[in-house]
Amino acid sequence: MRERLTRRSRADSDGDRRDGSRTRDSSSIRSQLKSLVLRQNPELSPSMFSHGADSEDSIVGLLKQQRIKDRGATTTPKSYTFPADNPTSPPVQDEEPSPGYFSDDLEADHEPSFNTDPELPIVKRKDLCMIPHLLTKYPAFYVTDHNLPHTPFDLAKHVLNCTDSEKESLRDPQKSTTNGYNLVRDQGREWWDYNPQSDFLGPKGDAAYEAATKEYFNTATQLLQDICKQFNIVGEVIPKEIVNDRGYSSMRYLRYNEDMLETEINKKIRKHRRGESSESVEEHIKEQESPKFTFEPHTDLDVFTLIDSTEPSGLYVWNKRGKVFPAKPVKGAVLILAGDLMPCYTAIKGKSPLFDGKDAVSDRTVLPTAHTVWVPKGAGDRYSVEVSLRPKRNAVLWERTINIGSKEVMENTTFWWLATEKSRVDGRKCFMVDKAPEKKLEAERPAGAPGEKSVLLLGAVMTGPTSKFSW
Ligand SMILES: O=C(O)CCC(=O)C(=O)O
Ligand SMILES: [Fe+2]
């Protein structure tokens, strides 16, 4: 008789994985970001990408330094590693599917098609059948002709422009960061979350706001579920419960707020002048003039994410070979990113990225889309609307038998375990690529043992010898 065990939460220490040195690939992502940002913002000076001792690190250096300041650390942080390039693979752009690639699978009365202007594919809703293939070649895609209501930027602007005291009243009483109002002041970012599992914390007495928010959420999650269905044409790849149930899905209105950023910078400068900071004036001034990462590179904890945003554009995504794509807003289209759960569902049959690392990944495996938001200071506020399709918290991602002492135990790894692990990762929100060392995944290890640093070993997602993915 086997016992059943549900993996809900457990830390896994693996400090070593943080100290790989910068790779050729990392500088390639940085230089691509730099040249894309400069192309899109010609008024910026290239020297803005240099920043003290980390000049070579360009944008990432800024992020890194910000983190040192945030944490008050005095030592140089562990370096950042990036997805490895796979020189043996043909370049992404050469790998477009031939027309009618999926026509055998479908009874479509038209030839599915997409275009790549901009570089990320644009697919009509009626051609969603192309998605499973496209997502093995591109990190993201746009959907047009989607029949969604207008993206509710008006609601985002409304809620994120209330007075500070009104915003405070929209915070979750339990301090949830996924419901109601929240902010990260020194990144100039604030957001409001709708989470159907929790009480609605929208502007008081505003029934129209609530109705429009829910309507967009419902139609957008339906589109994401329709995308999931495309993976199940031949067999169940994405669990039916996700296709049929909104589970723990949520919606977010975001504002990248120039004034908030400015106020924070001025506060720091004043603090310095009062002699409360040891940092040099020059550094503050540089900081004031520097372009700014406003959302650290990460992957999303979901199955799929739908995003639409206003100008100034600022979202960048990259693929497993480190090619960076600007993901500008496209009129009438929404952008779709793959989330952390996709490699779990599209792994090689019988294997899981959770435990088999990159051995679970084939070229048909859909990897989570790494992305970052970077808005140059002075470009104005940016708003975005984001919908995340997620399963229920107790959805089982993987089931396996393990031995605990002399007992055979059936272990279920749940979505909420994954979520908890990710939230414990300090400063890095991308799943990394590596083979999970089995001995570190023993079920009897107590959760959150003292001194542990939680590091995710889940996203066996990049190819190549230095295939770690961490920031
Ligand atoms: O603002 C955006 O475009 C993206 C936001 C994002 O990546 C997130 O909320 O996870
Ligand atoms: Fe994201």
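Values in this document were obtained by computation on a predicted structure and should not be read as measured data. (Residues numbered from 1 in each chain as written. Chains lettered and ligands numbered in written order. Predicted model: local features only at pLDDT ≥ 70, side-chain atom pairs only at ≥ 80, totals over all residues. Heavy atoms only, no water.)

Draft legend 1. Seen up close, the nonpolar core. Ile227, Tyr253, Val303, Phe304 and Leu306 are the most contacted members of the largest nonpolar core, which has 81 residues in total. Top element by residues in this core is helix α6 (residues 207–230). It accounts for eight residues. Apart from the residues within four sequence positions on either side, Leu306 is in contact with Leu148, Tyr216, Ala220, Leu223, Leu224, Val334, Leu335, Ile336, Val385, Glu386 and Val387. (Core = buried A, V, L, I, M, F, W, Y, C linked by side-chain atoms within 4.5 Å. Buried < 20%, exposed > 50% of the residue type's maximum accessible area, 1.4 Å probe, protein only. Helix = DSSP H or I, 4+ residues; strand = E, 2+ residues; numbered from the N terminus. Contact = heavy atoms within 4.5 Å.)

Draft legend 2. Fine view of the site of ligand 1. Around ligand 1 sit Leu254, Tyr256, Phe295, His298, Asp300, Ile307, Leu315, His371, Val373, Arg382, Ser384 and Glu386, and that is every residue in its neighbourhood. Between ligand 1 and Asp300 there is a distance of 3.2 Å, counted from an oxygen atom to a side-chain nitrogen or oxygen. Between ligand 1 and the protein, one listed contact pairs an oxygen atom with a side-chain N or O atom of His371 at 3.0 Å. Every element with two or more residues in the shell around ligand 1 is listed here: β7 (250–256), β8 (292–298), β13 (370–375) and β14 (382–389). (Near = heavy atom within 4 Å. Polar contact = N/O pair within 3.5 Å; in protein donor to acceptor, adjacent residues only side chain to side chain.)

Draft legend 3. Structural context of unusual backbone geometry. Between Glu311 and Pro312 the backbone carries a cis peptide bond, its omega angle lying at 0 degrees. Along the chain, the position of Pro312 falls in the loop between β9 (304–309) and β10 (315–318). In this structure, Asp145 is a non-glycine residue whose phi angle is positive, near 50 degrees. Summarising the element assignment, Asp145 is placed in the loop between β4 (140–144) and α4 (153–160). With a phi angle near 60 degrees, Asn147 is a residue other than glycine that sits in the positive phi range.

Draft legend 4. Structural context of the environment of Ala208. In this fold, Ala208 is placed in helix α6. Ala208 sits in the exposed class, given a relative accessible area of 56%. Sequence-wise, Ala208 and Leu155 are 53 residues apart; in three dimensions their C-alpha atoms are separated by 9.7 Å.

Draft legend 5. The arrangement of the side chain of Asp340 in detail. For Asp340, the position within the fold is in the loop between β12 (334–338) and α10 (342–345). Here Leu301 takes part through its backbone nitrogen, which lies 3.4 Å from a polar atom of the side chain of Asp340.

Draft legend 6. The arrangement of the packing of aromatic side chains in detail. Taken as a whole, this structure holds eleven aromatic pairs when the rule is applied. Ring centres 6.4 Å apart and planes at 65 degrees place the aromatic pair Tyr138 and Phe325 in the edge-to-face group. Separated by 187 residues along the polypeptide, Tyr138 in the loop between α3 (131–137) and β4 and Phe325 in strand β11 (residues 324–326) bring together distant segments of the chain. Exposure remark for Tyr138: the relative accessible area of 2% places this residue in the buried category. Under the relative-accessibility criterion, Phe325 is labelled buried at 0%. Arranged with centres 5.2 Å apart and planes meeting at 80 degrees, the rings of Trp192 and Tyr209 form a pair that is edge-to-face. Pair noted here: Trp192 is in strand β6 (residues 189–194) and Tyr209 is in helix α6, with a separation of 17 residues, a long-range link. Across the pair, Tyr209 and Trp192 agree in class, each one buried. Taken together, the ring pairs connect Trp192, Tyr194, Phe200, Tyr209, Phe217 and Tyr253 into an aromatic cluster. Over the face of the ring belonging to Phe200 we find Lys214, whose NZ or CZ atom lies 5.3 Å from the ring centre. (Phe/Tyr/Trp six-rings, centres within 6.5 Å; stacked < 30°, edge-to-face > 60°. Lys NZ or Arg CZ within 6 Å of the ring centre and 35° of its normal.)

Draft legend 7. Quick peek at the pairing of β9. Among the six residues that make up β9, six are buried, leaving the element largely enclosed by the rest of the structure. Of the two faces of β9, the one holding Phe304, Leu306 and Asp308 and the one holding Thr305, Ile307 and Ser309 are both buried throughout. Bridging between β9 and β12 involves four bridges; their strand directions are antiparallel. Pairing of Phe304 across the sheet is with Ala338, part of β12. Relative to β14, β9 runs antiparallel, the two being bridged by six bridges. Within the sheet, the bridge partner assigned to Ser309 lies in β14 and is Ser384. (Pairing = 2+ DSSP bridges.)

Draft legend 8. Layout of the coordination of the iron ion (ligand 2). Every protein donor of the iron ion (ligand 2) is accounted for by His298 (NE2), Asp300 (OD) and His371 (NE2), and the metal-donor separations fall at 2.1 to 2.2 Å. Coordination of the iron ion (ligand 2) draws on donor residues from a single chain, spaced H-x1-D-x70-H in sequence. Taken together, the positions of Asp300 in the loop between β8 and β9 and His371 in strand β13 put the pair 71 residues apart, joining distant regions of the chain. By relative accessible area, which is 2% here, His371 ends up buried. (Donors = N, O, S within 2.8 Å, 3.2 Å for Na, K, Ca; no water.)

Draft legend 9. Focus on the packing of α4 against α6. Axis separation between α4 and α6 bottoms out at 10 Å; the angle between their running directions is 135 degrees. Comparing their axes, α6 and α4 come out oblique. Between α4 and α6 lies a crossing whose hand is left-handed. Packed against α4, whose contacting residues are Leu155, His158 and Val159, the element α6 presents Tyr209, Ala212 and Thr213 at the interface. Residues of the contact of α4 with α6, tallied by class, amount to four nonpolar, two polar and no charged. (Axes fitted to C-alpha atoms, helices over the stretch in contact; angles between N-to-C directions. Parallel < 35°, antiparallel > 145°, perpendicular 65-115°, else oblique. Left-handed = near helix turned anticlockwise from the far one by under 90°. Nonpolar A, V, L, I, M, F, W, Y, C, P; charged D, E, K, R; others polar.)

Draft legend 10. Expanded view of the confidence of the model for the protein chain. A residue-level look at the protein chain finds 63% of positions with pLDDT of 70 or above and a mean pLDDT of 72. Below a pLDDT of 50 lies the segment residues 48–108, which in the model reaches 141 contacts outside its immediate sequence neighbourhood of four places, other chains included. In the model, residues 432–471 has pLDDT below 50 throughout and makes 150 contacts with residues more than four positions away in sequence or in other chains. (pLDDT = per-residue confidence, 0-100.)

Draft legend 11. Molecular detail of the pairing of strand β5 (residues 180–184). Direction of pairing for β5 relative to β6: antiparallel, over a ladder of five bridges. By the bridge assignment, Val184 is partnered in β6 with Arg189. Taking the residues that link successive antiparallel strands as the turn, the β5-β6 hairpin has four residues, and the phi of Gly188 there is positive, at about 65 degrees.

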